[in-house]
Amino acid sequence: MKVTSFTPPVRTLMGPGPSDVPARVLAAMARPTIGHLDPAFVSMMDEIKHLLQYAFQTKNALTIPVSAPGSAGMEACFANLVEPGDKVIVCVNGVFGVRMQENVERGGGVAVTVEDAWGEPVDPDKLEVALRTNRDAKIVAFVHAETSTGVQSDAKTLVEIAHRHGCLTIVDAVTSLGGSPLAVDEWSLDAVYAGSQKCLSCAPGLAPVSFNERAVERIKARKTKVQSWFLDLNLVMGYWGGGKRAYHHTAPINALYGLHEALVMLREEGLENAWARHRRMHLALRAGIEAMGLKFLVREGARLPQLNAVLVPEGVDEAQLRQRLLEEYHLEIGAGLGALAGKIIRIGLMGHSASMKNVMYCLGALESVLGEMRAPVQTGVAMNAAQNAAVLN
Ligand SMILES: *Cc1c(COP(=O)(O)O)cnc(C)c1O
């Protein structure tokens, strides 16, 4: 086997992440590698913390990127905040809630699940009931933006309920960060984690996290050591904290250049403007999708702008549809997961991918492929509808 350099094909990424990475971010990652304790690098780390505080809308001092993907951000929250025997209420309405439950149980905690149908937001009343019947619960965990279904839950209300019952909260904001309103301080989220490759449009592999004072106190008051050496925030803080930096692990230097650039771009655009852009592009896509006669999985009002779950029309082989989009249009969209496999497609409008160029490209490609597949859809109407919606919104 003769192996030469790998040159990836150029794709348009409109799935559940990663999203299209802008040239500026790619260029940043190609800059020279320096040492992870180099003063120049350390001052860039401080800027990243500052920029992440802006993105999360928080003043939390413990706001850093964990050196690993979003799933490691999830693990960092559970590993540090849950001690063996602790009871955790986990709201499950999709794939990532199930993973939270796994995290609790593998760490020796006791998970009590509050279940909602996939495609529905977390029901605050069910959480209230669970907390009344589990007075010894210490933590409530839920997913703000369920990427597996395209549903948004009401983080502010869920956190209020949890706090009223004396619980801390762990919130998955992997898909919400940078894409739809998220206000860590205003909503009093205690521990929150995200990912670099969704609405921040950075390369995958970093997990921004933020912990408030209450969460930090809980970590400091632990009776047992955090079972993960790598994710133990007491140790990580020795590197990412203020003052003198000590070696903990070698930071992914070039990946962090990329995150820095992506966050600078977010700052330039303005967070509110980024949220508004995601919403506007969602409304344009929605107009096109509905003009074709296709339907959304999630009811209006609970939909995420950045993740659009669309029901596959009658008689269409969903895997074949995605394969044709990839082969003929270099366009990646996502499949349904679990019980929704084969039933929905997931169209991401995340970060840099949330553009009119992508909306029009996706609608055009869908119309053309679905038309050729003889699906029961209207053709020749979607792009016009999207254009009108974009002008109106
Ligand atoms: C993508 C995602 C994750 C996991 O992030 P990875 O970077 O793939 O590890 C967790 N939660 C949600 C809601 C996600 O969308």
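Keep in mind that what you see is a predicted model, and the values were worked out from it rather than measured.

(A) Molecular detail of the pattern of salt bridges. In this structure the tally under the stated criterion is 19 salt bridges. Residue Glu 128 is joined to Arg 132 by a salt bridge in which the shortest nitrogen-to-oxygen separation is 3.5 Å. Placement of both Glu 128 and Arg 132 in helix H5 (residues 124-133) is noted, with a separation of four residues, approximately one turn of the helix. Of the residues examined, Glu 128 reaches a relative accessible area of 12% and is grouped as buried. For Lys 156, the salt bridge goes to Glu 160, with nearest N and O atoms at 3.9 Å. With Lys 156 and Glu 160 both in helix H6 (residues 155-164) and four residues apart, this pair spans about one turn of that helix. Residue Lys 156 is classed as partly exposed on the basis of its relative accessible area of 35%. Residues participating in the shared-partner salt-bridge network are Arg 24, Glu 261 and Glu 268.

(B) Summary view of the domain arrangement of the protein chain. With domains assigned, the protein chain is organised as domain 1 (23-267) and domain 2 (271-392). Taking the mean C-alpha position of each, domain 1 and domain 2 sit 29 Å from one another. With 27 residues of domain 1 in contact, the opposing surface of domain 2 contributes 23 residues. Interface area for domain 1 against domain 2, summed over the two sides, is near 2,000 Å², with a carbon-plus-sulfur share of 63%. Glu 120 is the partner of Arg 299 in a salt bridge, and the nearest nitrogen-oxygen pair spans 3.9 Å. At the junction of domain 1 with domain 2, the criterion picks out eight residue pairs in polar contact (both at pLDDT 80 or more). Elements represented by at least two residues in the side of domain 1 that touches domain 2 include exactly helix H2 (39-56), strand E6 (145-146) and strand E7 (151-152).

(C) Spatial organisation of the UniProt feature "modified residue: N6-(pyridoxal phosphate)lysine" (unreviewed entry) in the protein chain. With numbering aligned to this structure, UniProt lists the feature "modified residue: N6-(pyridoxal phosphate)lysine" (unreviewed entry) at Lys 198. Structurally, Lys 198 can be placed in the loop between strand E9 (191-193) and strand E10 (207-211). Look past the residues within four positions of Lys 198 in its chain and what remains in contact with it is Pro 16, Gly 17, Ser 19, Val 174, Thr 175, Met 350 and Gly 351.

(D) Representation of the packing of H5 against H6. The contact between H5 and H6 brings their axes to 10 Å, and the two run at 15°. Between H5 and H6, the crossing angle belongs to the class labelled roughly parallel. With respect to the hand of their crossing, H5 and H6 are arranged in right-handed fashion. Residues Pro 124, Leu 127, Glu 128 and Leu 131 of H5 touch H6, and the partners they reach there are Thr 157, Leu 158, Ile 161, Ala 162 and Arg 164. Here the residues of the contact of H5 with H6 are counted per class, giving six nonpolar, one polar and two charged.

(E) Highlighting the site of the ligand. Around the ligand sit Pro 69, Gly 70, Ser 71, Phe 96, Val 143, Ala 145, Thr 147, Asp 172, Val 174, Thr 175, Gln 197 and Lys 198, and that is every residue in its neighbourhood. A distance of 2.7 Å separates an oxygen atom of the ligand from a polar atom in the side chain of Gln 197. Lys 198 is positioned with one of its side-chain polar atoms (N or O) 2.7 Å from an oxygen atom of the ligand. Burial of the ligand by the surrounding chains reaches 89%, relative to a free accessible area of 380 Å².

(F) Up close: the sheet that holds E10. Spatially, the seven strands line up as an open sheet ordered E2-E10-E9-E8-E5-E3-E4, and their pairing is mixed. Across the chains shown, the open sheet's two edge strands, defined by having one partner strand only, are strand E2 (62-66) and strand E4 (110-115). Looking at each pair of strands side by side, their axes are set apart by 20° on average, direction ignored. One ladder, built from five bridges, connects E2 with E10; its direction is antiparallel. Its bridge partner lying in E10, Ile 64 is registered against Val 209.

(G) Just the packing of aromatic side chains, in detail. Per the stated rule, a full pass over the model turns up three aromatic pairs. Consider the rings of Tyr 329 and Tyr 361, whose centres lie 6.3 Å apart with planes at 70°: the pair is edge-to-face. With Tyr 329 in helix H11 (residues 318-329) and Tyr 361 in helix H12 (residues 356-372), the pair connects residues that are 32 residues apart, well separated along the chain. Take Tyr 329: its relative accessible area is 22%, and that puts it in the partly exposed class. In this structure, Arg 267 is placed above the aromatic ring of Tyr 54, and the distance from its NZ or CZ to the ring centre is 4.9 Å. The positively charged end of Arg 303 is found above the aromatic ring belonging to Phe 296, 4.3 Å away from the centroid.

Here is what the cut-offs are and how they apply
Going along each chain's sequence as written, the residues are numbered from 1 onward. In keeping with the model being predicted, local features are shown solely for residues with a pLDDT of at least 70 and side-chain atom pairs are shown and tallied solely at 80 or more, while totals for entire chains, interfaces and linings include all residues. As a rule here, side-chain values cover all heavy atoms of the structure and leave hydrogens and water aside. By convention in these notes, a salt bridge is any Lys or Arg side-chain nitrogen within 4 Å of a carboxyl oxygen on Asp or Glu. Segments assigned H or I by DSSP are reported as helices when at least four residues long, segments assigned E as strands when at least two residues long, and all are numbered from the N terminus. Only protein chains enter the accessibility calculation, which uses a 1.4 Å probe; a residue is then buried when its area is under 20% of its type maximum, exposed when over 50%, and partly exposed in between. Where each domain starts and ends follows an automatic or database-derived domain assignment. Pairs of residues are marked as contacts when any of their non-hydrogen atoms sit within 4.5 Å. As used here, buried area is the combined drop in accessible area, with a 1.4 Å probe, of two parts when they are placed together. Whenever two N or O atoms come within 3.5 Å, that pair is a polar contact, provided that in protein one can donate a hydrogen and the other can accept it, and provided that, for residues adjacent in sequence, both atoms are side-chain atoms. UniProt positions are given in the numbering used here, feature names are shortened, and annotations may be inferred rather than shown by experiment. Lines fitted to C-alpha atoms define the axes, with helix axes restricted to the stretch in contact, and inter-axis angles between N-to-C directions lie between 0 and 180 degrees. For this classification, under 35 degrees means roughly parallel, over 145 means roughly antiparallel, 65 to 115 means roughly perpendicular, and everything else is oblique. Whether a crossing is left-handed or right-handed is set by the direction in which the near helix is turned from the far one by less than a right angle, anticlockwise for left-handed and clockwise for right-handed. Any residue that is not Ala, Val, Leu, Ile, Met, Phe, Trp, Tyr, Cys, Pro, Asp, Glu, Lys or Arg is counted as polar, Gly included; the first ten are nonpolar and the last four charged. By convention in this text, a residue qualifies as near a molecule or strand provided that one of its non-hydrogen atoms is within 4 Å of it. What sets the accessible areas is the Shrake-Rupley method with a 1.4 Å probe; for residues, cover comes only from the shown protein chains. Pairing between two strands is assigned when DSSP locates at least 2 bridges connecting them. Any Phe, Tyr or Trp ring, taking Trp's six-membered ring, that has another such ring centre within 6.5 Å forms a pair; planes under 30 degrees apart are called stacked, those over 60 apart edge-to-face, and the others tilted. Put simply, a charge is over a ring when the Lys NZ or the Arg CZ is close to the ring centre, within 6 Å, and near the line of the ring normal, within 35 degrees.

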